[in-house]
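# Fold and geometry: a report
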Amino acid sequence: VGRALLADPEWAAKVRDGYTCQVCGINLAVLYGPLGLGVAEAHHRVALSSPLARAKTRVDDLVTVCPNCHRMLHRLSPDRDGVPELRQRLTRRWP
């Protein structure tokens, strides 16, 4: 692993979370096989546009989510961490 990747908070968050969505629990590599390998997104717990956001993103500012949950998170308020709220709204979680 190169130094550039180690310094990338988005990559580090995905590795930390095992490329598994921290909202619904899905890992797209498990669902789709090789096609889904590495398909995950890093979501800022507090939107970059928020006055509460840090100037420089750190790994603990990010959470790994699938594309669907990422879209839903952006429909919630940008000034707070929407992950717990979205987890509660889920009607089904992956095992």
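Everything discussed here concerns the structure shown above.
Let me begin by describing the structure that accompanies this report.

What counts, and at which threshold
Residues numbered from 1 in each chain as written. Predicted model: local features only at pLDDT ≥ 70, side-chain atom pairs only at ≥ 80, totals over all residues. Heavy atoms only, no water. Buried < 20%, exposed > 50% of the residue type's maximum accessible area, 1.4 Å probe, protein only. Helix = DSSP H or I, 4+ residues; strand = E, 2+ residues; numbered from the N terminus. Pairing = 2+ DSSP bridges. Core = buried A, V, L, I, M, F, W, Y, C linked by side-chain atoms within 4.5 Å. Contact = heavy atoms within 4.5 Å. Polar contact = N/O pair within 3.5 Å; in protein donor to acceptor, adjacent residues only side chain to side chain.

### Description of the pairing of strand 2 (residues 62-65)
The side chains of a regular strand alternate, first on one face of the sheet and then on the other. What you see with strand 2 is no split at all: L62 and T64 on one side and V63 and V65 on the other are buried throughout. Bridge count for strand 1 (residues 41-44) against strand 2 is four bridges, and the pairing is antiparallel. Across the sheet, the residue bridging to H43 is V63, located in strand 2.

### Examining the nonpolar core
Nonpolar side chains in soluble globular proteins tend to be buried together. In this structure, C21, V23, V65, C69 and L73 are the most contacted members of the largest nonpolar core, which totals 13 residues. Among the secondary structure elements, those contributing two or more residues to this core are strand 2, helix 4 (67-73) and helix 5 (83-89). Non-local contacts of V23, meaning those with residues more than four positions away in its chain, are made with V65, C69, L73, V83, L86, R87, L90 and R93.

### Let's talk about helix 2 (residues 9-16)
Taken together, the buried positions of helix 2 are P9, A12, A13 and K14. The residue sitting at the N-terminus of helix 2 and contributing the capping side-chain oxygen is D8; that oxygen lies 3.1 Å from the backbone nitrogen of E10. Note on helix 2: the residue one or two positions beyond its end, G18, has a positive phi of about 65 degrees.

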